[in-house]
Amino acid sequence: MLAVLSPGQGSQKPGFLAPWLDLPGTEARLRWWSALAGVDLIHLGTRADADEIKDTARTQPLLVAAALLAAEHLPMHDVGLVAGHSVGELGAAALAGVLPAEAAVTLAGVRGREMAAACALEPTGMAAVLGGDPDEVLAALQSHGLHPANRNGAGQIVAAGAVDALDKLAAEPPARTRVIRLQVAGAFHTPYMAPAETALAAVAAGVPASAPARILLSNLDGTPAGHGPETVRRLVRQVTAPVRWDLCMRTLADLGVTGVIELPPAGTLAGLVKRELKGEGAPEIVTLNTPADLPAARRLIARHGGPAARPATPSFRVVVSPAAGHLDRSAGPAEGAEVRAGQVLGHVATGRGPVEVTAHDNGPLVEWLAHHDDPVAPGQPLVRIGGTH
(Lines give C-alpha, C1' and ligand atoms only; values in the text may rest on other atoms or scores of the structure.)
Protein backbone atom coordinates (compact mmCIF):
# COMPACT_ATOMS: atom_id res chain seq x y z
CA MET A 1 0.00 0.00 0.00
CA LEU A 2 1.13 3.55 -0.73
CA ALA A 3 0.45 6.62 1.44
CA VAL A 4 0.54 10.27 0.36
CA LEU A 5 1.22 12.74 3.18
CA SER A 6 0.44 16.46 3.32
CA PRO A 7 2.73 18.54 5.60
CA GLY A 8 1.72 21.17 8.13
CA GLN A 9 2.82 24.57 9.34
CA GLY A 10 6.55 25.02 9.84
CA SER A 11 7.52 23.07 6.72
CA GLN A 12 7.28 26.09 4.39
CA LYS A 13 10.38 27.59 2.76
CA PRO A 14 10.75 30.86 0.81
CA GLY A 15 10.18 30.36 -2.92
CA PHE A 16 9.22 26.69 -2.67
CA LEU A 17 6.32 27.04 -5.12
CA ALA A 18 8.32 28.83 -7.81
CA PRO A 19 9.24 25.69 -9.85
CA TRP A 20 5.59 24.64 -10.03
CA LEU A 21 4.56 27.89 -11.76
CA ASP A 22 6.22 26.59 -14.94
CA LEU A 23 3.55 23.88 -15.30
CA PRO A 24 0.55 24.74 -17.51
CA GLY A 25 -2.51 26.01 -15.64
CA THR A 26 -0.78 26.40 -12.29
CA GLU A 27 -0.74 30.19 -12.21
CA ALA A 28 -4.42 30.46 -13.13
CA ARG A 29 -5.35 27.90 -10.49
CA LEU A 30 -3.41 29.79 -7.83
CA ARG A 31 -5.12 33.07 -8.76
CA TRP A 32 -8.51 31.40 -8.31
CA TRP A 33 -7.53 29.85 -5.00
CA SER A 34 -6.05 33.17 -3.84
CA ALA A 35 -9.48 34.76 -4.25
CA LEU A 36 -10.99 32.01 -2.11
CA ALA A 37 -8.30 32.11 0.58
CA GLY A 38 -8.04 35.91 0.78
CA VAL A 39 -4.24 35.93 0.29
CA ASP A 40 -1.90 36.18 -2.72
CA LEU A 41 -0.69 32.58 -3.01
CA ILE A 42 1.55 33.30 -5.99
CA HIS A 43 3.43 36.03 -4.13
CA LEU A 44 3.64 33.97 -0.94
CA GLY A 45 4.91 30.87 -2.72
CA THR A 46 7.48 32.58 -4.94
CA ARG A 47 8.66 36.02 -3.71
CA ALA A 48 7.74 36.30 -0.01
CA ASP A 49 10.50 36.02 2.58
CA ALA A 50 10.59 33.68 5.58
CA ASP A 51 8.97 36.19 7.95
CA GLU A 52 6.04 36.82 5.63
CA ILE A 53 5.22 33.14 5.13
CA LYS A 54 5.58 32.50 8.87
CA ASP A 55 2.32 34.41 9.38
CA THR A 56 -0.31 31.82 10.29
CA ALA A 57 -3.01 33.53 8.25
CA ARG A 58 -0.87 33.22 5.13
CA THR A 59 0.96 29.97 5.75
CA GLN A 60 -2.02 27.69 6.19
CA PRO A 61 -3.78 28.27 2.83
CA LEU A 62 -0.37 28.31 1.11
CA LEU A 63 0.47 24.81 2.38
CA VAL A 64 -2.91 23.35 1.44
CA ALA A 65 -2.71 24.87 -2.05
CA ALA A 66 0.81 23.54 -2.57
CA ALA A 67 -0.16 19.98 -1.64
CA LEU A 68 -3.20 20.02 -3.92
CA LEU A 69 -1.24 21.47 -6.85
CA ALA A 70 1.43 18.79 -6.68
CA ALA A 71 -1.09 15.97 -6.24
CA GLU A 72 -2.81 16.99 -9.49
CA HIS A 73 0.25 15.61 -11.30
CA LEU A 74 0.14 12.18 -9.62
CA PRO A 75 -2.01 9.13 -10.48
CA MET A 76 -3.98 9.46 -7.23
CA HIS A 77 -6.43 6.73 -8.30
CA ASP A 78 -3.68 4.24 -7.39
CA VAL A 79 -3.07 5.75 -3.92
CA GLY A 80 -4.65 3.78 -1.07
CA LEU A 81 -4.16 6.15 1.86
CA VAL A 82 -3.73 9.86 2.59
CA ALA A 83 -2.97 11.76 5.79
CA GLY A 84 -1.99 15.29 6.73
CA HIS A 85 -0.33 16.92 9.72
CA SER A 86 -2.40 19.70 11.36
CA VAL A 87 -3.58 22.04 8.57
CA GLY A 88 -2.28 19.42 6.14
CA GLU A 89 -5.39 17.41 7.07
CA LEU A 90 -7.47 19.79 4.95
CA GLY A 91 -5.36 18.99 1.90
CA ALA A 92 -5.53 15.28 2.69
CA ALA A 93 -9.31 15.48 3.07
CA ALA A 94 -9.58 16.98 -0.42
CA LEU A 95 -7.30 14.27 -1.84
CA ALA A 96 -9.49 11.64 -0.17
CA GLY A 97 -12.57 13.08 -1.88
CA VAL A 98 -14.19 14.30 1.35
CA LEU A 99 -13.95 17.99 0.38
CA PRO A 100 -13.75 19.80 -2.96
CA ALA A 101 -10.32 21.39 -3.44
CA GLU A 102 -11.91 24.85 -3.35
CA ALA A 103 -13.51 24.10 0.01
CA ALA A 104 -10.19 22.91 1.47
CA VAL A 105 -8.41 26.10 0.38
CA THR A 106 -11.25 28.29 1.65
CA LEU A 107 -11.34 26.56 5.04
CA ALA A 108 -7.54 26.85 5.30
CA GLY A 109 -7.88 30.60 4.79
CA VAL A 110 -10.53 30.87 7.52
CA ARG A 111 -8.57 28.57 9.84
CA GLY A 112 -5.36 30.54 9.41
CA ARG A 113 -6.99 33.95 9.96
CA GLU A 114 -8.94 32.82 13.00
CA MET A 115 -6.00 31.02 14.61
CA ALA A 116 -3.85 34.11 14.08
CA ALA A 117 -6.54 36.21 15.77
CA ALA A 118 -6.73 33.77 18.69
CA CYS A 119 -2.94 33.94 19.08
CA ALA A 120 -3.18 37.71 19.54
CA LEU A 121 -5.46 37.44 22.58
CA GLU A 122 -2.69 36.53 25.04
CA PRO A 123 1.02 35.65 24.93
CA THR A 124 1.36 31.92 24.22
CA GLY A 125 3.78 29.75 22.26
CA MET A 126 5.14 26.28 21.60
CA ALA A 127 8.35 24.33 22.24
CA ALA A 128 9.59 20.98 20.99
CA VAL A 129 10.70 18.56 23.71
CA LEU A 130 13.15 16.10 22.18
CA GLY A 131 14.11 12.83 23.84
CA GLY A 132 13.39 11.65 27.36
CA ASP A 133 10.74 9.28 28.67
CA PRO A 134 7.33 10.18 27.14
CA ASP A 135 5.44 9.71 30.41
CA GLU A 136 7.94 11.90 32.28
CA VAL A 137 7.70 14.57 29.58
CA LEU A 138 3.90 14.57 29.72
CA ALA A 139 3.99 14.77 33.52
CA ALA A 140 6.37 17.74 33.34
CA LEU A 141 4.10 19.52 30.90
CA GLN A 142 1.11 18.97 33.17
CA SER A 143 3.02 20.29 36.18
CA HIS A 144 3.72 23.53 34.32
CA GLY A 145 0.15 23.89 33.06
CA LEU A 146 1.20 23.15 29.47
CA HIS A 147 -0.50 21.04 26.80
CA PRO A 148 0.99 18.30 24.58
CA ALA A 149 -0.10 19.99 21.33
CA ASN A 150 1.71 17.56 19.00
CA ARG A 151 2.81 14.02 19.75
CA ASN A 152 4.94 13.40 16.69
CA GLY A 153 6.58 10.11 17.63
CA ALA A 154 10.30 9.53 17.17
CA GLY A 155 10.97 11.08 20.59
CA GLN A 156 9.25 14.40 19.90
CA ILE A 157 6.45 16.00 21.89
CA VAL A 158 5.51 19.64 21.31
CA ALA A 159 4.48 21.61 24.39
CA ALA A 160 2.15 24.58 24.10
CA GLY A 161 0.76 27.17 26.47
CA ALA A 162 1.56 30.40 28.26
CA VAL A 163 4.94 31.97 27.50
CA ASP A 164 6.01 32.10 31.17
CA ALA A 165 5.21 28.39 31.57
CA LEU A 166 7.32 27.56 28.50
CA ASP A 167 10.17 29.58 30.03
CA LYS A 168 9.94 27.51 33.21
CA LEU A 169 9.94 24.28 31.19
CA ALA A 170 13.09 25.39 29.35
CA ALA A 171 14.75 26.26 32.68
CA GLU A 172 13.76 22.91 34.23
CA PRO A 173 13.65 20.41 31.34
CA PRO A 174 12.67 16.78 31.95
CA ALA A 175 15.56 14.34 32.27
CA ARG A 176 17.49 13.55 29.07
CA THR A 177 15.58 16.08 26.94
CA ARG A 178 16.26 19.19 24.89
CA VAL A 179 13.67 21.95 24.80
CA ILE A 180 13.67 24.01 21.60
CA ARG A 181 11.39 27.04 21.37
CA LEU A 182 9.41 27.11 18.11
CA GLN A 183 8.92 30.30 16.10
CA VAL A 184 5.14 30.22 16.03
CA ALA A 185 2.51 32.82 16.90
CA GLY A 186 0.80 30.95 19.72
CA ALA A 187 -0.40 27.75 21.36
CA PHE A 188 -1.94 25.83 18.47
CA HIS A 189 -4.01 22.70 19.19
CA THR A 190 -4.85 23.76 22.74
CA PRO A 191 -7.89 25.35 24.42
CA TYR A 192 -6.32 28.76 23.68
CA MET A 193 -7.58 28.27 20.10
CA ALA A 194 -11.24 27.87 21.14
CA PRO A 195 -12.36 31.12 19.42
CA ALA A 196 -10.82 29.88 16.16
CA GLU A 197 -12.56 26.52 16.46
CA THR A 198 -15.92 28.25 16.93
CA ALA A 199 -15.37 30.51 13.92
CA LEU A 200 -14.21 27.65 11.68
CA ALA A 201 -17.17 25.50 12.73
CA ALA A 202 -19.59 28.19 11.61
CA VAL A 203 -18.13 28.18 8.09
CA ALA A 204 -17.49 24.43 7.86
CA ALA A 205 -21.13 23.68 8.67
CA GLY A 206 -22.07 24.79 5.15
CA VAL A 207 -19.42 22.79 3.29
CA PRO A 208 -20.60 19.75 1.29
CA ALA A 209 -18.78 16.62 2.42
CA SER A 210 -18.61 13.08 1.02
CA ALA A 211 -17.41 9.76 2.37
CA PRO A 212 -13.68 9.28 1.63
CA ALA A 213 -12.79 7.48 -1.59
CA ARG A 214 -9.58 6.19 0.00
CA ILE A 215 -8.34 5.75 3.56
CA LEU A 216 -7.97 9.12 5.32
CA LEU A 217 -6.31 9.08 8.74
CA SER A 218 -7.44 11.45 11.48
CA ASN A 219 -4.97 13.43 13.60
CA LEU A 220 -7.31 13.03 16.56
CA ASP A 221 -6.59 9.34 17.07
CA GLY A 222 -4.89 7.88 13.98
CA THR A 223 -8.04 6.05 12.88
CA PRO A 224 -9.53 6.13 9.36
CA ALA A 225 -12.24 8.68 8.68
CA GLY A 226 -15.71 7.51 7.80
CA HIS A 227 -18.84 9.59 7.33
CA GLY A 228 -18.15 12.85 5.46
CA PRO A 229 -19.84 15.32 7.86
CA GLU A 230 -18.25 13.60 10.86
CA THR A 231 -14.84 13.96 9.18
CA VAL A 232 -15.44 17.69 8.78
CA ARG A 233 -16.37 17.96 12.47
CA ARG A 234 -13.11 16.21 13.33
CA LEU A 235 -11.16 18.66 11.14
CA VAL A 236 -12.74 21.53 13.07
CA ARG A 237 -12.15 19.88 16.45
CA GLN A 238 -8.48 19.49 15.56
CA VAL A 239 -7.95 23.24 16.01
CA THR A 240 -7.98 22.75 19.81
CA ALA A 241 -7.15 19.03 20.04
CA PRO A 242 -3.62 17.57 20.10
CA VAL A 243 -2.14 16.29 16.83
CA ARG A 244 -1.55 12.57 17.34
CA TRP A 245 0.84 12.02 14.44
CA ASP A 246 2.37 9.17 16.44
CA LEU A 247 -0.93 7.30 16.15
CA CYS A 248 -1.17 8.06 12.44
CA MET A 249 2.27 6.51 11.93
CA ARG A 250 1.25 3.51 14.01
CA THR A 251 -1.70 2.99 11.68
CA LEU A 252 0.63 3.25 8.67
CA ALA A 253 2.60 0.37 10.19
CA ASP A 254 -0.55 -1.59 11.13
CA LEU A 255 -1.80 -1.36 7.55
CA GLY A 256 1.53 -2.48 6.11
CA VAL A 257 2.27 0.70 4.15
CA THR A 258 5.29 0.02 1.92
CA GLY A 259 5.64 3.35 0.11
CA VAL A 260 5.28 6.99 1.23
CA ILE A 261 5.21 10.22 -0.78
CA GLU A 262 5.34 13.54 1.05
CA LEU A 263 3.86 16.45 -0.88
CA PRO A 264 5.59 19.85 -1.01
CA PRO A 265 7.11 21.39 0.96
CA ALA A 266 8.39 17.91 1.76
CA GLY A 267 10.88 16.66 4.31
CA THR A 268 9.42 17.02 7.82
CA LEU A 269 6.92 14.15 7.76
CA ALA A 270 9.27 11.95 5.72
CA GLY A 271 11.86 12.42 8.45
CA LEU A 272 9.43 11.43 11.19
CA VAL A 273 8.32 8.33 9.26
CA LYS A 274 11.93 7.36 8.57
CA ARG A 275 12.84 7.57 12.27
CA GLU A 276 9.69 5.82 13.50
CA LEU A 277 9.13 3.08 10.89
CA LYS A 278 12.59 1.66 10.49
CA GLY A 279 14.17 -1.75 10.17
CA GLU A 280 12.76 -4.61 8.13
CA GLY A 281 9.62 -3.55 6.31
CA ALA A 282 10.40 0.16 6.48
CA PRO A 283 8.53 2.02 3.71
CA GLU A 284 10.26 3.42 0.64
CA ILE A 285 9.99 7.22 0.74
CA VAL A 286 9.96 9.94 -1.91
CA THR A 287 9.97 13.65 -0.99
CA LEU A 288 8.17 15.61 -3.70
CA ASN A 289 9.48 19.20 -3.68
CA THR A 290 9.73 20.21 -7.34
CA PRO A 291 8.35 18.95 -10.67
CA ALA A 292 11.71 17.24 -11.17
CA ASP A 293 10.68 14.81 -8.39
CA LEU A 294 7.47 13.77 -10.15
CA PRO A 295 8.97 10.85 -12.14
CA ALA A 296 10.32 9.25 -8.94
CA ALA A 297 6.95 9.73 -7.21
CA ARG A 298 5.09 8.16 -10.13
CA ARG A 299 7.46 5.18 -10.16
CA LEU A 300 6.89 4.71 -6.44
CA ILE A 301 3.12 4.68 -6.99
CA ALA A 302 3.55 2.13 -9.78
CA ARG A 303 5.54 -0.15 -7.44
CA HIS A 304 3.44 0.21 -4.29
CA GLY A 305 0.02 1.57 -5.30
CA GLY A 306 -3.15 0.15 -6.73
CA PRO A 307 -6.31 -1.35 -5.24
CA ALA A 308 -4.68 -4.77 -4.92
CA ALA A 309 -2.24 -3.33 -2.38
CA ARG A 310 -5.03 -2.03 -0.14
CA PRO A 311 -5.84 -4.28 2.85
CA ALA A 312 -8.83 -4.03 5.13
CA THR A 313 -9.05 -0.88 7.18
CA PRO A 314 -8.47 -1.02 10.93
CA SER A 315 -11.55 -1.23 13.12
CA PHE A 316 -10.24 0.82 16.04
CA ARG A 317 -13.05 2.05 18.25
CA VAL A 318 -12.51 5.27 20.12
CA VAL A 319 -14.22 6.10 23.41
CA VAL A 320 -14.78 9.83 23.78
CA SER A 321 -15.34 12.04 26.80
CA PRO A 322 -19.02 12.35 27.78
CA ALA A 323 -18.51 15.75 29.47
CA ALA A 324 -16.09 18.56 30.23
CA GLY A 325 -13.94 18.13 33.32
CA HIS A 326 -10.87 16.21 34.47
CA LEU A 327 -10.23 12.55 33.66
CA ASP A 328 -10.01 10.12 36.56
CA ARG A 329 -8.56 6.85 35.26
CA SER A 330 -6.92 5.82 38.55
CA ALA A 331 -9.02 2.64 38.79
CA GLY A 332 -9.26 2.06 35.05
CA PRO A 333 -7.80 -0.90 33.12
CA ALA A 334 -4.23 -0.74 31.86
CA GLU A 335 -3.20 -0.68 28.22
CA GLY A 336 -3.31 -4.20 26.78
CA ALA A 337 -6.17 -5.34 29.02
CA GLU A 338 -9.27 -6.90 27.46
CA VAL A 339 -12.37 -4.81 28.08
CA ARG A 340 -16.04 -5.60 27.49
CA ALA A 341 -18.93 -3.50 26.24
CA GLY A 342 -20.44 -1.47 29.08
CA GLN A 343 -17.35 -1.73 31.30
CA VAL A 344 -16.53 1.45 33.23
CA LEU A 345 -13.07 2.60 32.16
CA GLY A 346 -12.89 5.75 34.27
CA HIS A 347 -14.75 8.91 35.19
CA VAL A 348 -14.81 12.56 34.19
CA ALA A 349 -14.93 14.76 37.28
CA THR A 350 -17.33 17.63 36.63
CA GLY A 351 -18.84 20.39 38.75
CA ARG A 352 -21.99 18.25 39.06
CA GLY A 353 -20.17 15.08 40.03
CA PRO A 354 -18.41 12.21 38.23
CA VAL A 355 -19.62 11.01 34.80
CA GLU A 356 -18.76 7.45 33.77
CA VAL A 357 -16.57 6.69 30.76
CA THR A 358 -17.68 3.30 29.43
CA ALA A 359 -16.53 0.97 26.67
CA HIS A 360 -19.02 0.53 23.85
CA ASP A 361 -17.47 -2.65 22.44
CA ASN A 362 -15.33 -5.65 23.38
CA GLY A 363 -11.61 -5.80 22.63
CA PRO A 364 -8.12 -4.94 23.84
CA LEU A 365 -7.51 -1.48 25.29
CA VAL A 366 -4.84 -0.42 22.81
CA GLU A 367 -4.02 2.98 24.27
CA TRP A 368 -5.15 5.66 26.65
CA LEU A 369 -5.22 8.92 24.69
CA ALA A 370 -5.43 11.13 27.80
CA HIS A 371 -3.65 10.95 31.14
CA HIS A 372 -5.06 10.84 34.65
CA ASP A 373 -6.29 14.28 35.77
CA ASP A 374 -5.98 15.75 32.27
CA PRO A 375 -8.58 18.41 31.44
CA VAL A 376 -10.89 16.96 28.78
CA ALA A 377 -13.63 18.39 26.55
CA PRO A 378 -16.89 16.75 25.43
CA GLY A 379 -16.22 14.47 22.46
CA GLN A 380 -12.45 14.36 23.06
CA PRO A 381 -10.98 10.86 22.33
CA LEU A 382 -9.93 9.17 25.57
CA VAL A 383 -9.34 5.48 24.82
CA ARG A 384 -8.60 3.43 21.74
CA ILE A 385 -10.05 -0.11 21.71
CA GLY A 386 -8.38 -1.92 18.87
CA GLY A 387 -8.02 -4.62 16.32
CA THR A 388 -8.32 -4.91 12.57
CA HIS A 389 -10.70 -6.74 10.31
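Worth saying up front: this structure is predicted, and the values here are computed from it rather than measured.

A. Summary view of the pairing of strand β2 (residues 81-84). Residue alternation in β2 divides its side chains into two sets, L81 and A83 and V82 and G84, and both sets are buried. Note: strand β1 (residues 2-6) against β2, four bridges, orientation parallel. Each bridged residue has a counterpart across the sheet, and for V4 the counterpart in β2 is V82. Sheet analysis places β2 next to strand β7 (residues 215-216), joined by two bridges and oriented parallel. Bridging across to β7, L81 finds its partner in I215.

B. Representation of the nonpolar core within the structure. Counting 74 residues, the largest nonpolar core has V4, L30, V82, L99, I261 and L263 as the members making the most contacts within it. Ranked by residues supplied to this core, first place goes to helix α3 (residues 56-71) with ten residues.

C. Main features of the packing of helix α8 (residues 194-204) against helix α9 (residues 228-237). Packing of α8 against α9 leaves a shortest axis separation of 9 Å and a crossing angle of 155°. When the axes of α8 and α9 are compared, the pair comes out roughly antiparallel. Of the two possible hands of crossing, α8 and α9 adopt the one that is right-handed. Counted together, E197, L200, A201 and A204 of α8 and V232, V236 and R237 of α9 form the full contact between these two elements.

D. Spatial organisation of unusual backbone geometry. Residue P265 follows P264 across a cis peptide bond; omega there is -5°. One can find P265 in the loop between β8 (259-262) and α11 (268-276). Although it is not a glycine, S86 adopts a positive phi angle of roughly 60°. Residue placement: S86 occurs in the loop between β2 and α4 (88-95). Given a relative accessible area of 12%, S86 falls into the buried group. Its identity is not glycine, yet R176 carries a phi of approximately 60°, on the positive side. Mapped onto the elements, R176 comes out in the loop between α7 (163-171) and β6 (177-182).

E. Focus on the sheet that holds strand β10 (residues 317-320). Strands sit in the order β10-β17-β15-β12 across an open sheet of four strands; the sheet is antiparallel. Of all strands in the sheet, those bounded by a partner on one side alone are β10 and β12 (338-339).

F. Structural detail: helix α12 (residues 294-304). Listing the buried residues of α12 in full gives L294, A297, L300, I301 and H304. When α12 is viewed along its axis, its buried side chains cluster within an angular range of 120° and face the same direction. Elements that come into contact with the buried residues of α12 comprise β1, α3, β8 and β9 (284-287). G306 sits one or two residues past α12 and shows a positive phi near 100°.

G. Structural view of the confidence of the model for the protein chain. In the predicted model, the protein chain carries a mean pLDDT of 91, and 97% of its residues have values of at least 70. No element of the protein chain has a lower mean pLDDT than β10, which averages 81, and none a higher one than β8, which averages 98. Counting interchain partners and residues more than four positions distant, the pLDDT-below-50 stretch residues 308-313 has 15 contacts.

H. Focus on the sheet that holds strand β4 (residues 147-153). Reading across from one edge, β4-β5-β3-β6 is the order of the four strands in this open sheet, with antiparallel pairing throughout. Each end of this open sheet is capped by a strand with a single partner; those strands are β4 and β6. If you compare each strand with its neighbour and ignore which way they point, the axes differ by 25° on average. In this sheet, strand β5 (residues 156-162) lies alongside strand β3 (residues 124-131) in antiparallel orientation, the contact comprising seven bridges. By the bridge assignment for β5, V129 is matched with I157. Sheet contacts for α7: β3, β5 and β6; angle to β5, the most-contacted strand, approximately 135°.

I. Focus on the environment of L69. With respect to the secondary-structure elements, L69 resides in helix α3. For L69 and A196, which are 127 residues apart along the polypeptide, the C-alpha to C-alpha distance reads 26 Å. In this structure, L69 is in contact with L17, T26, R29, L30 and W33, ignoring residues within four places of it in sequence.

J. Broad picture of α8. Within α8 the residues assigned to the buried category are A196, E197, L200 and A204. When α8 is viewed along its axis, its buried side chains cluster within an angular range of 100° and face the same direction. Seen from the open side of α8, the exposed residues pointing more than 90 degrees away from its buried face are T198 and A202. Packed against the buried residues of α8 are α5 (101-119) and α9.

K. Representation of the environment of N152 in the model. Here N152 lies in strand β4. Along the backbone, N152 and L216 are 64 residues apart, and their C-alpha atoms lie at a distance of 18 Å. Among the polar contacts listed, one links the side chain of N152 to the side chain of H85, at a separation of 2.9 Å. Within polar-contact distance, the side chain of N152 engages the side chain of Q156 at 2.6 Å.

Rules and cut-offs
Residue indices follow the written sequence of each chain, beginning from 1 at its first position. In keeping with the model being predicted, local features are shown solely for residues with a pLDDT of at least 70 and side-chain atom pairs are shown and tallied solely at 80 or more, while totals for entire chains, interfaces and linings include all residues. Derived side-chain values reflect all non-hydrogen atoms in the structure, with water molecules and hydrogen atoms excluded from consideration. For every residue, the accessible area obtained with a 1.4 Å probe (protein chains only) is divided by the maximum for its type, and the residue is called buried under 20%, exposed over 50%, and partly exposed between those limits. Helix and strand labels come from DSSP, where a helix needs a run of H or I of at least four residues and a strand needs a run of E of at least two; each type is numbered from the N terminus. Only when DSSP finds a minimum of two bridges between them are two strands counted as paired. As used here, the term nonpolar core means buried Ala, Val, Leu, Ile, Met, Phe, Trp, Tyr and Cys residues forming a set that is joined through side-chain atoms within 4.5 Å. Only the stretch in contact is used when fitting a helix axis, every axis being a line fitted to C-alpha atoms; angles between N-to-C directions are given from 0 to 180 degrees. Should an angle fall under 35 degrees it is called roughly parallel, over 145 degrees roughly antiparallel, and 65 to 115 degrees roughly perpendicular, with every other angle called oblique. A clockwise turn of the near helix away from the far one marks a right-handed crossing, whereas an anticlockwise turn of less than a right angle marks a left-handed crossing. Any two residues having at least one pair of non-hydrogen atoms within 4.5 Å are treated as being in contact. The arc under discussion is defined with respect to the helix axis, by the directions toward the C-beta atoms. The pLDDT value expresses, per residue, how confident the predictor is, ranging between 0 and 100. Counting of polar contacts relies on pairs of N or O atoms within 3.5 Å, with two restrictions inside protein: one atom must be capable of donating a hydrogen and the other of accepting it, and residues adjacent in sequence are counted only when both atoms are side-chain atoms.

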